[in-house]
Amino acid sequence: MKRYFRYIVATVVLSAAAVCTLPLRADDAPKPDHSKVPGTVVAYSPAASGIYVGSPGIVILPDGTYLAKHDEFGPKSTEATNAITHVYRSTDRGQSWEHIARVEHAFWVNIFCHEGAVYMMGGTAGHRHGHCAIRKSVDGGCTWTEAKDENSGLLFGNLSYHTAPMPMVVHDGRIWRAMEDEQGGTGWGNWFRAFVMSAPVDADLLKASNWTASNRVARDGSWLGGRFGGWLEGNAVLTPEGRIVDILRVAGVPEKAAIVQISQDGKTASFDPENGFVDFPGGGHKFTIRYDAKSNAYWSLSNPSIGGSFRNTLALLRSKDLVNWEMRCILAHHPDRRNHGFQYPDWVFDGDDMIAAIRTAYDDGVGGAHNAHDANYLTFHRFKDFRDLTMADSVVQPDDIGPGGPAKIELGDLAIEGRAFAQGTVANGAEAFGNRNYVWEKVPEKLQGWLCTKTLGGVPARMRVTAKRDAVLYMATAGKRQSGIDTTGWEPEPELDFGYTDGGHTTMQVFRRAVKAGQSLDIPQGNWTGGILLVPPKEAK
């Protein structure tokens, strides 16, 4: 564990060139304290500004200069009308940074080098507003072309598009990128249709006529047992077999990614729901995949769901085949998941090191980030000798992550063990979850005073019950309103349903199941409430 602090927590340089505060503070505003922030602070925007740091990107220029970028989002930003991206430069390998460009109408863009120039490619504005566009810089990122029409970087007409800082891939004489349009339906997740685009490597990338796009593939809500919420932020990746695929983040089901197949000519995209979903730690959040010839492996940084972790844990992943992924090392973690995050990491290889730009939510001495999602920092990190890192080098071990930690209780002849739960009571007015102010309501007389395994709302629990004698188990979950839980083998007991006092007064469905003496059974999890075990007091004695 100790190795981490030698190469990740760098000295924060507080010169004006190193930390750009966006927007400018009034002179009498509280002074922020950046000293606790992991990595090197590149840019900062306090939560009070209503403008948050999004879409980090990073690239190394041929002369060794680093460029990093981010955009602005939030209630006081202009993301829907005049999206703003900021560009920063470091000439000392990331130790200090200076702001060099403010680019209008640029949102969710990546930054990359190609044929002697620097490009940014992505959208022009936020959801349902942004077009697909590319910009070019020939002076190291200081000035950028404007995407005005089909000859200057505006691609594919005036439809709305979605993406993130995703990688470019050169293959078969073409340069490739994945993206999504927002024409798939209504509502976030439903909107996104996956596709890839490509252009000849020697073409003028600002000309729309030089780009070829595949067909768009829409989501199907019936996939993954009806739990599939959508896909987005796809990676164009060259497989070991020499084919381009689009590997996307999956919403609705934790720890899954989707692999969309692309034809050799780049014109046809297709998806097989039976074989196209793969296990991917952190697949529910944005991740970037790149191939490393030295290790003959694919690498990624992600936010895995470990013990209730959300975006407050950053891990290094590796795969040889894009299907089987292993977590190599936990690189960053903060125990608080509400206001701390290391998210949307963009990274590149730098010899034996990996360097990354990260959208970071962290303590700043003036109240911290608005929440984990609404980051207040852009930070730079160097992960030295990343190929050699193992779980032993992690800043924290997986079993030590998560609210509540390991749990083990006995209720009569039932032994329950796992993590992220505690003993509670089912009764009107009793606390429903360990991390919310909700209480139980409309509890039937039969259930009043029963004991339960109280979970943490939104935090995945693990719960295995072992019966010391033949028994009937009772389990409750918000199954109707919240998808993602498998109740196969459980019989509903609708007359025992009750609720809790969230805004929708969500109903907890009750189920029963018989077990034999000595039998062990996992209580289903997978939705916000999780599955909780209900035990009559007389049986718990």
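Everything below is about the structure printed above this text.
Thresholds applied
Residues numbered from 1 in each chain as written. Predicted model: local features only at pLDDT ≥ 70, side-chain atom pairs only at ≥ 80, totals over all residues. Heavy atoms only, no water. Helix = DSSP H or I, 4+ residues; strand = E, 2+ residues; numbered from the N terminus. Rg over C-alpha atoms; globule rule 2.2 N^0.38 Å. Buried < 20%, exposed > 50% of the residue type's maximum accessible area, 1.4 Å probe, protein only. Pairing = 2+ DSSP bridges. 1 Å grid on protein atoms, 1.4 Å probe; cavity = no way out; pocket = protein on both sides within 12 Å on 5 of 7 lines; lining within 4 Å. Points joined across faces, edges and corners; volume = space filled by probe spheres on them. Nonpolar A, V, L, I, M, F, W, Y, C, P; charged D, E, K, R; others polar. Salt bridge = Lys/Arg side-chain N within 4 Å of Asp/Glu carboxyl O. Axes fitted to C-alpha atoms, helices over the stretch in contact; angles between N-to-C directions. Contact = heavy atoms within 4.5 Å. Phe/Tyr/Trp six-rings, centres within 6.5 Å; stacked < 30°, edge-to-face > 60°. Lys NZ or Arg CZ within 6 Å of the ring centre and 35° of its normal.

A.B. asks: Kindly report on the overall build of the protein chain, identifying the contributing residues and their values.
C.D. replies: Across its full length, the protein chain carries three helices and 40 strands. Taking 541 residues into account, the globule formula puts the C-alpha radius of gyration at 24 Å, and the protein chain, at 25 Å, falls close to it. Taken along its principal axes, the extent of the C-alpha atoms in the protein chain is 75 × 55 × 45 Å. Every one of the 541 residues in the protein chain was classed for burial, and the buried ones make up 57%.

A.B. asks: Got a sec to walk through the pairing of strand β8 (residues 117-123)? Specific residues and values, please.
C.D. replies: A regular strand places its side chains so that they alternate between the two faces of the sheet. Most of β8 sits inside the fold, with seven of its seven residues counted as buried. As paired elements, strand β7 (residues 107-114) and β8 share six bridges and run antiparallel to each other. Counterpart to Cys113 in the pairing with β8 is Val118. The loop that links β7 with its antiparallel partner β8 comprises two residues; one of these, Glu115, has a positive phi angle of about 50°. Pairing geometry for β8 and strand β9 (residues 132-137), over six bridges, is antiparallel. Bridged to Gly122 within β9 is Ala133.

A.B. asks: How would you summarise the sheet that holds strand β1 (residues 20-21) if you had to cite specific residues and measurements?
C.D. replies: The mixed open sheet is built from five strands, whose spatial order is β1-β2-β28-β27-β26. Bordering the open sheet on either side are β1 and β26 (341-350), each of which pairs with just one other strand. Relative to strand β28 (residues 377-383), strand β27 (residues 353-361) is paired through seven bridges, and the arrangement is antiparallel. If you follow Ile358 over to β28, its bridge partner there is Thr379.

A.B. asks: So what about the layout of surface pockets? Which residues, and what values?
C.D. replies: Roughly 380 Å³ of internal volume is contained in the second largest pocket. Residue lining of the second largest pocket: 18 residues in total, with Val59, Phe112, Cys113, Arg290 and Val348 positioned closest to the centre. Looking at the lining of the second largest pocket, the elements with two or more residues in it are β3 (52-60), β7, β12 (169-171) and β26. Residues that form the lining of the second largest pocket fall into these classes: 14 nonpolar, two polar and two charged.

A.B. asks: Could you give me a rundown of the pattern of salt bridges, with the residues and numbers involved?
C.D. replies: Tallied over the entire structure, the rule returns 21 salt bridges. Ionic pairing is found between Asp350 and Arg93, a salt bridge with its closest N-O pair at 3.3 Å. Residue Asp350 is found in strand β26, and its partner Arg93 is found in the loop between β5 (84-90) and β6 (98-104); the two are separated by 257 residues along the sequence. Among the residues examined, Asp350 registers a relative accessible area of 17% and is labelled buried. A salt bridge links Arg387 to Asp292, with the nearest nitrogen and oxygen atoms 2.8 Å apart. Of this pair, Arg387 sits in the loop between β28 and β29 (406-411) while Asp292 sits in strand β22 (residues 288-292); the two residues are 95 residues apart in sequence, bridging distant segments of the chain. For the pair Arg387 and Asp292, a shared accessibility class is recorded, and that class is buried.

A.B. asks: Hey, could you go over the sheet that holds strand β30 (residues 414-419) for me, with residue numbers and the actual values?
C.D. replies: Strand order across the open sheet formed by four strands is β29-β30-β34-β39, with antiparallel pairing between neighbours. Two strands in the sheet have a free side with no partner beyond their single neighbour: β29 and β39 (520-522). Along the sheet, successive strands turn relative to each other by an average axial angle of 20°, direction set aside.

A.B. asks: Describe the environment of Phe195, with residues and values.
C.D. replies: Locating Phe195 in the fold gives a position in strand β14 (residues 193-200). The sequence separation of Phe195 and Ser295 amounts to 100 residues, and the corresponding C-alpha distance is 29 Å. What Phe195 contacts, discounting residues up to four positions off in sequence, is Phe156, Tyr161, Ala178, Met179, Glu180, Asp181, Ala213, Ser214, Asn215, Arg216 and Asp246.

A.B. asks: Which residues make up unusual backbone geometry, and what values go with them?
C.D. replies: Of note in the backbone geometry, Leu322 takes a positive phi value of approximately 75° without being a glycine. When you line up the elements, Leu322 lands in the loop between β24 (313-319) and β25 (325-333). With a phi angle near 60°, Ala420 is a residue other than glycine that sits in the positive phi range. Locating Ala420 in the fold gives a position in the loop between β30 and β31 (421-426).

A.B. asks: Could you give an account of the environment of Pro536, naming the residues involved and the relevant values?
C.D. replies: Relative to the elements of secondary structure, Pro536 occurs in the loop between β40 (532-535) and α3 (537-540). Given a relative accessible area of 9%, Pro536 falls into the buried group. Separated by 168 residues in the primary sequence, Pro536 and Gly368 place their C-alpha atoms 44 Å from one another.

A.B. asks: Summarise the packing of aromatic side chains; cite the residues concerned and give the values.
C.D. replies: A full pass over the atoms with the stated rule returns 36 aromatic pairs. With a centroid separation of 4.8 Å and an interplanar angle of 40°, the aromatic rings of Phe107 and Trp108 are classed as tilted. Relative accessible area serves as the criterion here: at 2%, Phe107 is assigned to the buried category. Residue Trp108 is classed as buried on the basis of its relative accessible area of 10%. Ring geometry for Trp223 versus Phe271: centroids 5.0 Å apart, planes at 50°, classification tilted. In this pair, Trp223 is assigned in helix α2 (residues 223-226) and Phe271 in the loop between β20 (269-270) and β21 (277-279), connecting sequence segments 48 residues apart. Exposure remark for Trp223: the relative accessible area of 13% places this residue in the buried category. Lying across the ring of Phe156, Arg216 places its NZ or CZ 5.8 Å from the centre.

A.B. asks: With reference to specific residues and values, describe the pairing of β40.
C.D. replies: Both faces of β40 are covered, namely the face carrying Ile532 and Leu534 and the face carrying Leu533 and Val535. Relative to β40, strand β33 (residues 450-455) is paired through two bridges, and the arrangement is antiparallel. Looking at β40, one finds that Leu451 is bridged to Val535. In this sheet, β40 lies alongside strand β35 (residues 471-477) in antiparallel orientation, the contact comprising three bridges. Bridging from a neighbouring strand, Met475 pairs with Leu533 of β40.

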